[in-house]
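Tertiary structure, described
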Amino acid sequence: MKPTSPKIETPPSLVRYFTTEHMGRTAVMVGLFLVAGAAEALGLVTLLHILDLAIDTVAGAGAGPESGPAVWITGALALVGLAPTLEVLLGALVVLFCGKAVAIVAAHQQAGFVVAKVAMEMRLDLIRNLLKAQWLHFTSYPTGYHANAISNEAQRTANTFQQYANAISDALLALAYIAVALTISWQTALAGAGVGAIVLVLLNRFVHDSKQAGASQAKIMRGLIARITGALPALKPIKAMAR
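Keep in mind the model is a prediction, meaning the values are calculated, not measured.

1. What about the overall build of the chain?
Counting its regular elements, the chain contains seven helices and zero strands. Across the chain, contacts joining residues at least 24 apart in sequence account for 82% of those joining residues at least 6 apart. Within the structure as shown, the chain displays about 16,400 Å² of accessible surface, and the carbon and sulfur contribution to it stands at 70%.

2. Section: the nonpolar core
Counting residues in each nonpolar core, the largest one holds 15 residues, and the members touching the most others are Met 29, Phe 33, Val 118 and Phe 161. Counting residues per element, the ones that place at least two in this core are helix 1 (14-21), helix 2 (23-59), helix 4 (86-132) and helix 6 (143-184). Tallying contributions element by element places helix 4 first for this core, with six residues. By size, the runner-up hydrophobic cluster in this structure holds 10 residues, among which are Leu 44, Leu 77, Ala 176 and Val 180.

3. A look at the packing of aromatic side chains
According to the stated counting rule, one finds one aromatic pair in the structure shown. A ring pair is formed by Phe 161 and Tyr 164, whose centres lie 5.8 Å apart and whose planes are at 55 degrees; its orientation type is tilted. Of the two residues, Phe 161 and Tyr 164 both sit in helix 6, three residues apart, roughly one turn of that helix. A relative accessible area of 0% means that Phe 161 is categorised as buried.

4. Thoughts on a nonpolar patch on the surface
Among the surface-exposed residues, Leu 224, Ile 228, Leu 232, Leu 235, Ile 238 and Met 241 lie close enough to one another that they form a single nonpolar patch of about 600 Å² accessible area. By the element assignment, Leu 235 lies in helix 7 (residues 186-242). Under the relative-accessibility criterion, Leu 235 is labelled partly exposed at 43%.

5. Re the pattern of salt bridges
On inspection of all chains with the given rule, the structure shows two salt bridges. For Glu 40, the salt bridge is made with Lys 100, and the minimal N-O distance between the two is 2.6 Å. With Glu 40 in helix 2 and Lys 100 in helix 4, this pair connects stretches of sequence that are 60 residues apart.

6. Focus on the side chain of His 22
You can see His 22 is positioned in the loop between helix 1 and helix 2. By relative accessible area, His 22 is classed as buried at 7%. Setting aside chain neighbours within four positions, we find His 22 in contact with Tyr 17, Val 114, Lys 117, Val 118 and Glu 121.

7. Focus on the confidence of the model for the chain
Mean pLDDT over the chain works out to 79, with 87% of the residues at or above the 70 mark. Ranking the helices and strands of the chain by mean pLDDT puts helix 4 first, with 87, and helix 3 (residues 68-79) last, with 72. Predicted confidence for residues 1-8 stays below pLDDT 50, and this span has four contacts to residues more than four positions away or in other chains.

8. So, the side chain of Thr 26
Along the chain, Thr 26 falls in helix 2. Look past the residues within four positions of Thr 26 in its chain and what remains in contact with it is Phe 18, Thr 19 and Phe 161.

9. Here's the deal with the environment of Leu 53
Topologically, Leu 53 is positioned in helix 2. The class of Leu 53 is partly exposed, set by a relative accessible area of 24%. Measuring from C-alpha to C-alpha, the distance between Leu 53 and Thr 85 comes to 8.4 Å, with 32 residues separating the pair along the chain.

10. Digging into the environment of Ala 147
Structurally, Ala 147 can be placed in helix 6. Taking relative accessible area as the criterion, Ala 147 reaches 36% and is therefore assigned partly exposed. With 75 residues separating them along the chain, Ala 147 and Arg 222 place their C-alpha atoms 9.7 Å apart.

Criteria and thresholds
- Residues numbered from 1 in each chain as written.
- Predicted model: local features only at pLDDT ≥ 70, side-chain atom pairs only at ≥ 80, totals over all residues.
- Heavy atoms only, no water.
- Helix = DSSP H or I, 4+ residues; strand = E, 2+ residues; numbered from the N terminus.
- Contact = heavy atoms within 4.5 Å.
- Areas by Shrake-Rupley, 256 points an atom, 1.4 Å probe, with all protein chains shown as cover.
- Core = buried A, V, L, I, M, F, W, Y, C linked by side-chain atoms within 4.5 Å.
- Buried < 20%, exposed > 50% of the residue type's maximum accessible area, 1.4 Å probe, protein only.
- Phe/Tyr/Trp six-rings, centres within 6.5 Å; stacked < 30°, edge-to-face > 60°.
- Patch = residues over 30% accessible without salt bridge, like charges linked within 9 Å, V, L, I, M, F, W, Y side chains within 5 Å.
- Salt bridge = Lys/Arg side-chain N within 4 Å of Asp/Glu carboxyl O.
- pLDDT = per-residue confidence, 0-100.

Put into structure tokens, the structure is as follows:
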């Protein structure tokens, strides 16, 4: 009677794993990205108000009716007792963009901590499970298969969290741009969203091809490293006999 191999459990998705196992740092990272997105939106609104003031000053015209974003900036400055002059707006613009940069750096720092911890946890879990595995498991795979999983694939899987963080950052910044565009002209914002949807549909095929190419690359590298790791010990006696 042949020994039956144990049932292999389907691993959870990476996003669910990251958000459940590292909920604290992930929440801090998302919060910092939200702060960066808000600072980006306020900075763009402030920049538009600065351009309005500069155009009115160069044209020598009086102050025209304020747009929605300009009203928000004027009201926010009035709460702290500041007038919406060009100097004040430039200072606010510098503060907002510096705050955005600090928030993004801090968020990516949290992502870096998670990447290092995930790589360590995956390696330790794999080593523990290998020590508990049956002998049939070891005879079913090449010699270098497990070495590649511990060294290369664990790090690549952990680096996925960094890409996950980049996706969240880009998505929140895109929402900030959409919010600013809606306050200026909702017709233009809808037209831009339609063009963006068309671009996404056109690029979807390239994304699918990239996904397949990445899977093929991982499979080829897994086999290559496994064969090289298994063949290198055999070269030692060959070299010794040649001498």
